[in-house]
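Residues per chain, in single letters:
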Amino acid sequence: MVTSAPKRHRWAPTSGEDVATNAQECVLAEESRGGAAAGDTAASADDTLPPPPPKVPIRGLYALTPDTDDDEWLAAAVAAAIAGGASAVQYRNKTADAETRLRQARMLVRVCHSRGVPLIVNDSVDMAIASGAAGVHLGRDDDNPFEARRRLGPDAIIGVSCYDEFERAERYAAVADNLAFGSLFGSSTKPGAVRAPLELLTRAKARGWNVVGIGGVDASNARRAVEAGADAVAVITGVFGGIDRLPNAVEKSSVQLRGIAFRP
Ligand SMILES: Cc1ncc(COP(=O)(O)OP(=O)(O)O)c(N)n1
Ligand SMILES: Cc1nc(C(=O)O)sc1CCOP(=O)(O)O
Ligand SMILES: [Mg+2]
């Protein structure tokens, strides 16, 4: 289901100050060097993709991308989220066509894996395989998690959406690496999403699962999710914001959220 219109970002640097952000410098410098991210913002002749980092449980800040057709902004914003402390990134785009999604997923594989951060693809095992992603996130309308494990193997990260249903978590706990509950708070990305009580996080944590909280998480409420038991908070708006959020602002929101969400 389409949940939001694609966003155009008019972030391209127009002044020296705008350029002077870590993430933009990183992407632009790598482009000018012809380095790891050079082929990331445009079609690359080099098809080699960096492999995922070794699999570890997702903890702290898990950044999910907003819908956009602006590849340059997306690469810079994701690099900024990682510079700010995101420990995993999910490529989620509910409005782009398949060609755009594959191009963007492969681009983000380069951005993320070259920085030691896993890139998870939303919804589709095929897309995860085709893009060289570290794993996939599956909801109730997506591929079956058991089939996904069979196809992707033990090293892939598989996340499963559980909404407000503890029974769903019990069904998939054996095959999933992480189980997501939400929407914890009111979400502008998914305003109609069912609300999940924080207490579900506590129950899930007590079972020893890797627990992800999602939905309307921002710096004002992330602590409640973590105190209830979330190992990680999955965030779109609270990290990437609305249209035109500059990469340095993405980095700042990531620093703040990571500081709240990461338990040493
Ligand atoms: C970490 C995480 N949790 C939940 C979701 C939602 O998945 P789903 O219900 O399949 O909805 P869409 O994201 O596909 O609209 C998620 N993507 N990631
Ligand atoms: C993608 C998604 N899944 C949800 C769930 O409840 O399963 S809530 C949600 C939206 C998350 O975006 P934001 O951080 O902008 O609220
Ligand atoms: Mg889905």
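Since we're looking at a predicted model, the values are computed, not measured. (Residues numbered from 1 in each chain as written. Chains lettered and ligands numbered in written order. Predicted model: local features only at pLDDT ≥ 70, side-chain atom pairs only at ≥ 80, totals over all residues.)

### Re the overall build of the protein chain
Part 1: Across its full length, the protein chain holds 11 helices and eight strands.
Part 2: Looking at the 264 residues of the protein chain, the share that counts as buried comes to 51%.
Part 3: Intrachain contacts of the protein chain at a sequence separation of at least 6 include 65% that bridge at least 24 residues. (Helix = DSSP H or I, 4+ residues; strand = E, 2+ residues; numbered from the N terminus. Buried ≥ 20, exposed ≤ 12 C-beta atoms within 10 Å, placed from the backbone. Contact = placed C-beta atoms within 7 Å.)

### Some points on the packing of helix α3 (residues 71-83) against helix α11 (residues 247-261)
Part 1: For the pair α3 and α11, interaxial distance at closest approach is 7 Å and the crossing angle is 30 degrees. Here α3 is positioned roughly parallel relative to α11, judged by the angle of their axes. Once α3 is placed against α11, the crossing between them reads as right-handed. Along its contact with α3, which presents Ala76, Ala77, Ala80, Ala81 and Ala83, the element α11 presents Pro247, Asn248, Val250, Glu251 and Ser254. (Axes fitted to C-alpha atoms, helices over the stretch in contact; angles between N-to-C directions. Parallel < 35°, antiparallel > 145°, perpendicular 65-115°, else oblique. Left-handed = near helix turned anticlockwise from the far one by under 90°.)

### Thoughts on the UniProt feature "binding site: 4-amino-2-methyl-5-(diphosphooxymethyl)pyrimidine" (unreviewed entry) in the protein chain
Part 1: UniProt marks Gln90, Tyr91, Arg92, Asn93, Lys94, Asn122, Ser161 and Lys190 with the feature "binding site: 4-amino-2-methyl-5-(diphosphooxymethyl)pyrimidine" (unreviewed entry), using the numbering shown here.
Part 2: Structurally, Arg92 is set in the loop between β2 (88-91) and α4 (98-113).
Part 3: When the 19 C-beta atoms within 10 Å are taken as the criterion, Arg92 is described as partly exposed.
Part 4: Those residues in contact with Arg92 that lie beyond four places of it in its chain are Leu64, Thr65 and Asn122.
Part 5: Relative to the elements of secondary structure, Ser161 occurs in strand β5 (residues 157-163). (UniProt positions renumbered as here; feature names shortened; annotations may be inferred.)

### Some words on the packing of α3 against α4
Axes are the key here: two packed helices are described by the angle between their axes and the distance separating the axes.
Part 1: Interaxial distance between α3 and α4 falls to 10 Å at its minimum, and their mutual angle equals 30 degrees. The chirality of how α3 crosses α4 is right-handed. Here α3 contributes Asp71, Leu74, Ala75, Val78, Ala79 and Ile82 to the contact with α4, which in turn contributes Gln104, Met107, Leu108, Val111 and Cys112.
Part 2: Split into classes, the residues belonging to the contact of α3 with α4 amount to nine nonpolar, one polar and one charged. (Nonpolar A, V, L, I, M, F, W, Y, C, P; charged D, E, K, R; others polar.)

### As for the site of ligand 2
Part 1: Within the structure, ligand 2 sits among 17 residues, and Gly182, Ser187, Thr189, Gly215 and Thr237 are positioned closest to it.
Part 2: Listed by contribution, the elements that provide at least two residues to the shell around ligand 2 are β5 and α10 (237-240).
Part 3: Per-class residue counts for the shell around ligand 2 are six nonpolar, 10 polar and one charged. (Near = placed C-beta within 6 Å.)

### A short note on the site of ligand 1
Part 1: As a structural note, the neighbourhood of ligand 1 is formed by 16 residues, with Gly139, Ser161, Ala180, Ile214 and Ala234 the closest of them.
Part 2: Those elements that provide at least two residues to the shell around ligand 1 are β5 and β7 (211-214).
Part 3: Grouping the constituent residues of the shell around ligand 1 by class yields four nonpolar, eight polar and four charged.

### Examining α3
Part 1: With 13 residues, α3 ought to run about 18 Å at 1.5 Å a step, and its terminal C-alpha atoms sit 18 Å apart, in line with that.
Part 2: With respect to burial, α3 is a largely interior element, 11 of its 13 residues being buried.
Part 3: Trp73, Leu74, Ala75, Ala76, Ala77, Val78, Ala79, Ala80, Ala81, Ile82 and Ala83 are the residues of α3 that are buried. (Expected span 1.5 Å × (residues − 1).)

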